[in-house]
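Overview (structure and organization)
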Amino acid sequence: MKALVIEDNESVLRLVREGLEAVGWTVDAAASGDEGLTLAIDAAQGYDLAVVDRMLPVVDGITIVRAMREKGVATPVIVLTALGSVGNRIEGLDAGADDYMTKPFALDELLARARALMRRPREVVEGRLEFGDLALDPETRVLSVSGKGQVDLSKRECAMLEALIRAGGEPLARDRLLSKVWGADRPVEAGNVDNYAYFLRRKLARAGSTSSLESVRGLGYRLAEGR
């Protein structure tokens, strides 16, 4: 597997690069935002993971992540930052990051999060997202179940299901789902997440899916593949 590490702190860059290489990764490194951006949006590089510092010279990490997503680069991204407030984390995740770690961090935890990202499903041809027997087209908001039926989703149902599929079976907290579906600054009650979870369960059943939307006590929701 191949990773890109963009970090201007030499000791942190060396720690992450050597840690990834020690477990079998091939690593490209960039110490400035402009160099990192050039590599990050080059689809020919074929990166499986990008580890991006938020505060970089010339081009900041959030700009890099946004540019990747705008260019259709779906490489999973872990953002590293000294800014650990909830607002900062939400900004990074909304820009398109898959995970967010506050400095200082433990290398073993970063490697574990990288492994978790590698288990997540990738976007497939024609813009569809897949999980278990589900295939979601975010553009048309059509949910298909392999060998069975399909249903149309509302805009918010689609946004919520897309976030859950991208999480690859990992649980998503209610506040994260609120941010993904309604926006970080919208004054929306957390109970709306539960309402839309109910709507999605009905749609999954109507389409004949064996996948399920599970409640995670004290946290939020996760998708689980059927058996």
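As a starting point, this report considers the structure included with it. Positions within a chain are numbered from 1, following the residues in the order the chain's sequence is written. Totals for whole chains, interfaces and linings use every residue, but because this is a predicted model, local features are given only for residues with pLDDT of at least 70 and side-chain atom pairs only at 80 or more, for both listing and counting. Water and hydrogen atoms play no part in the side-chain values, which are based on all heavy atoms of the structure.

What follows covers the environment of Arg 128. Tracing the sequence through the fold places Arg 128 in the loop between helix H5 (107–118) and strand E6 (129–131). Partly exposed describes any residue whose relative accessible area lies between the buried limit of under 20% and the exposed limit of over 50%, with all areas from a 1.4 Å probe on protein chains only and scaled to the type maximum. Given the relative accessible area of 29%, Arg 128 is considered partly exposed. For the pair formed by Arg 128 and Thr 140, sequence separation is 12 residues and the distance between their alpha carbons is 9.9 Å. In this description a helix means any DSSP run of H or I spanning at least four residues, a strand means any run of E spanning at least two, and both kinds are numbered starting from the N terminus.

Below, the discussion takes up the environment of Gly 46. In this structure, Gly 46 sits in the loop between helix H2 (33–40) and strand E3 (49–53). Judged by its relative accessible area of 43%, Gly 46 is partly exposed. Along the sequence, Gly 46 and Asp 98 sit 52 residues apart, while their C-alpha atoms lie 17 Å from each other.

What follows deals with the sheet that holds strand E1 (residues 2–6). Whether two strands pair comes down to DSSP finding at least two bridges between them. Pairing is parallel in the open sheet, where 5 strands are placed in the order E2-E1-E3-E4-E5. Each edge of the open sheet carries a strand with a single partner, namely strand E2 (26–30) and strand E5 (99–102). Between one strand axis and the next, the sheet turns through 15° on average, direction left out of account. Pairing analysis gives 4 bridges linking E3 to strand E4 (residues 77–81), with the strands arranged parallel. Bridging from a neighbouring strand, Asp 53 pairs with Leu 80 of E4. Sitting on the sheet, helix H1 (residues 10–22) is in contact with E1, E2, E3 and E4, with an inclination near 165° to E2. Comment: axis = line fitted to C-alpha atoms, over the contacting stretch for helices; angle = value between 0 and 180 degrees taken between N-to-C directions. Should any heavy atoms of two residues lie within 4.5 Å, those residues are considered in contact.

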